Amino acid sequence: MIAVVYTNVRRVIMKGSVKMTSIRLDTKLADDAVKALGASNRSEAVHMALREVVALKKFKQLMSKYGGKLKFEAHG
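So, a few notes on the structure that sits alongside this text.

Looking at helix 2 (residues 42-66)
- Compared with an ideal rise of 1.5 Å per residue, which puts 25 residues at 36 Å, helix 2 spans 36 Å between its outermost C-alpha atoms and is within 8% of the ideal.
- At the N-terminal boundary of helix 2, the capping side chain belongs to Asn-41, with an oxygen 3.1 Å from the backbone nitrogen of Ser-43.
- Once helix 2 ends, the next one or two residues include Gly-68, with phi positive near 80 degrees.

Following this line, the structure appears as structure tokens:
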């Protein structure tokens, strides 16, 4: 089932702000994401998932650029 989810929040999160928007979501998938991510609602799950996707993309870019080129030394 697909539903339109409305968020009605205006607050500052990190560098941006959250604004009201509507998106079509597979409600079963969204509910599964809520459980998998430990979110309290669908909106929070979407935010968590988006942050993870962005972080993963940045990590992959760093690994492509520096993978195998860095040296680490043990402390002690």
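As for helix 1 (residues 27-37)
- Every buried residue belonging to helix 1 is among Thr-27, Ala-30 and Val-34, and all of these are buried. Taken down its axis, helix 1 places every buried residue within 60 degrees of arc, on the same side. Turned more than 90 degrees off the buried face of helix 1, the exposed positions are Lys-28, Leu-29, Lys-35 and Ala-36.
- The N-terminus of helix 1 is capped by Asp-26, whose side-chain oxygen sits 3.0 Å from the backbone nitrogen of Lys-28.
- Just past helix 1, the residue Gly-38 takes up positive phi, approximately 70 degrees.

Points about the pattern of salt bridges
- Enumeration over the complete set of coordinates arrives at 2 salt bridges.
- As a salt-bridge pair, Lys-28 and Asp-32 come within 2.9 Å of each other at their nearest N and O atoms. Within this pair, Lys-28 and its partner Asp-32 are both found in helix 1, separated by 4 residues, close to a single helical turn.
- In this structure, Asp-31 and Arg-42 form a salt bridge, with 2.9 Å as the shortest nitrogen-oxygen distance. Pair noted here: Asp-31 is in helix 1 and Arg-42 is in helix 2, with a separation of 11 residues, a long-range link.
- Using a relative accessible area of 31% as the deciding quantity, one classes Asp-31 as partly exposed.

A few points about a nonpolar patch on the surface
- A cluster of nonpolar side chains, namely Leu-62, Tyr-66, Leu-70 and Phe-72, defines an oily patch on the protein surface of about 470 Å² accessible area.
- Relative to the helices and strands, Leu-70 resides in the segment after helix 2.

Some details on the packing of helix 1 against helix 2
- In the contact formed by helix 1 and helix 2, the axes pass within 9 Å of each other and the chain directions differ by 75 degrees. Judged by the angle between their axes, helix 1 and helix 2 are roughly perpendicular. Between helix 1 and helix 2, the residues in contact are Thr-27, Ala-30, Asp-31, Ala-33, Val-34 and Leu-37 and Arg-42, Ala-45, Met-48 and Ala-49, respectively.
- Classifying every residue of the contact of helix 1 with helix 2 gives 7 nonpolar, 1 polar and 2 charged.

Quick notes on the rules
Residues numbered from 1 in each chain as written. Predicted model: local features only at pLDDT ≥ 70, side-chain atom pairs only at ≥ 80, totals over all residues. Heavy atoms only, no water. Helix = DSSP H or I, 4+ residues; strand = E, 2+ residues; numbered from the N terminus. Expected span 1.5 Å × (residues − 1). Polar contact = N/O pair within 3.5 Å; in protein donor to acceptor, adjacent residues only side chain to side chain. Buried < 20%, exposed > 50% of the residue type's maximum accessible area, 1.4 Å probe, protein only. Arc of directions from axis to C-beta. Salt bridge = Lys/Arg side-chain N within 4 Å of Asp/Glu carboxyl O. Patch = residues over 30% accessible without salt bridge, like charges linked within 9 Å, V, L, I, M, F, W, Y side chains within 5 Å. Areas by Shrake-Rupley, 256 points an atom, 1.4 Å probe, with all protein chains shown as cover. Axes fitted to C-alpha atoms, helices over the stretch in contact; angles between N-to-C directions. Parallel < 35°, antiparallel > 145°, perpendicular 65-115°, else oblique. Contact = heavy atoms within 4.5 Å. Nonpolar A, V, L, I, M, F, W, Y, C, P; charged D, E, K, R; others polar.

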